[in-house]
Amino acid sequence: QVQLVESGGGLVQAGGSLRLSCAASGRTFSSYGMGWFRQAPGKEREFVAAISWSGGSTSYADSVKGRFTISRNNAKNTMYLQMNSLKPEDTAVYYCAANNRPGSSINAFGSWGQGTQVTVSS
């Protein structure tokens, strides 16, 4: 089982940027794909972005495409989410997750961090 810890959340004005980090331990980080999800108050957790074990393949939700960039550094056991041009609708708790089977659906991820709050003010 891999342990995941997110950091980097905070309060930012619309149009601003934040960089989230996800530090992993307990399992060979480079063996599995990783992803970011988010959950706004009163809404279901939704997919944001995913990255393959090598970092060579990425995917994004349409709502963040062109604004967010997912990346990873396997030597540092860390995944990142660079968020630019933030909008108030990006406000949510952001979670990182590790795949326990192939795919980017929420059910394909078996390990989750505790989440980090991102708040975008208008």
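Going by the structure above, here's the rest.
On a predicted model such as this, the values are computed, not experimentally measured, just so you know.

This part takes up the pairing of strand S5 (residues 46–51). Pairing of strand S4 (residues 34–39) with S5, which is carried by five bridges, proceeds in the antiparallel orientation. By the bridge assignment, phenylalanine 37 is partnered in S5 with phenylalanine 47. Following S4, the chain reverses through six residues before pairing antiparallel with S5; glycine 42 in that reversal takes a positive phi of roughly 80°. Where S5 lies against strand S6 (residues 58–60), three bridges are found, and the strand directions are antiparallel. Counted as the bridge partner of alanine 49 is tyrosine 60 from S6. What sits between the antiparallel neighbours S5 and S6 is a turn of six residues, in which glycine 55 has the positive phi angle 85°.

Quick look at the nonpolar core now. The nonpolar side chains of soluble globular proteins are, as a tendency, buried together. Ranked by internal contacts, the top residues of the largest apolar core, which has 28 residues, are Trp36, Met79, Leu81, Met83 and Tyr94. Counting only elements with at least two residues in this core, the list comes to strand S3 (18–25), S4, S5, strand S7 (68–73), strand S8 (78–83), strand S9 (92–99) and strand S11 (116–121).

Moving on to the sheet that holds S8. Taken together, the four strands give an open sheet; going across it, the order is S1-S3-S8-S7, and neighbouring strands pair in antiparallel fashion. The open sheet terminates on both sides in strands that have one partner only, identified here as strand S1 (3–7) and S7. The sheet shows a mean angle of 15° between the axes of neighbouring strands, taken without regard to direction. When S7 meets S8, the two strands line up antiparallel, connected through six bridges. Counted as the bridge partner of threonine 69 is glutamine 82 from S8.

A few words on the state of the cysteines. One way to say it: the disulfide is the covalent bond shared by the sulfur atoms of two cysteines. Per the stated rule, a full pass over the model turns up one disulfide. Two residues, cysteine 22 and cysteine 96, share a disulfide whose sulfurs are 2.1 Å apart. As the torsion about the S-S bond is roughly 60°, the cysteine 22-cysteine 96 disulfide counts as right-handed. Taken together, the residues span a long stretch of sequence, with cysteine 22 in strand S3 and cysteine 96 in strand S9 at a distance of 74 residues. In this pair, the class of cysteine 22 matches that of cysteine 96, namely buried.

Let us now look at the environment of leucine 4. Tracing the chain through its elements places leucine 4 in strand S1. Taking relative accessible area as the criterion, leucine 4 reaches 6% and is therefore assigned buried. Taking the C-alpha atoms as reference points, leucine 4 and glycine 115, 111 residues apart in sequence, are found 9.4 Å from one another. If we skip the residues at most four places from it in the chain, leucine 4 touches Cys22, Ala23, Ala24, Met34, Cys96, Ala97, Ala98, Ser111, Trp112, Gly113 and Gln114.

Conventions used here
- Residues numbered from 1 in each chain as written.
- Predicted model: local features only at pLDDT ≥ 70, side-chain atom pairs only at ≥ 80, totals over all residues.
- Heavy atoms only, no water.
- Pairing = 2+ DSSP bridges.
- Helix = DSSP H or I, 4+ residues; strand = E, 2+ residues; numbered from the N terminus.
- Core = buried A, V, L, I, M, F, W, Y, C linked by side-chain atoms within 4.5 Å.
- Buried < 20%, exposed > 50% of the residue type's maximum accessible area, 1.4 Å probe, protein only.
- Axes fitted to C-alpha atoms, helices over the stretch in contact; angles between N-to-C directions.
- Disulfide = S-S within 2.5 Å.
- Contact = heavy atoms within 4.5 Å.

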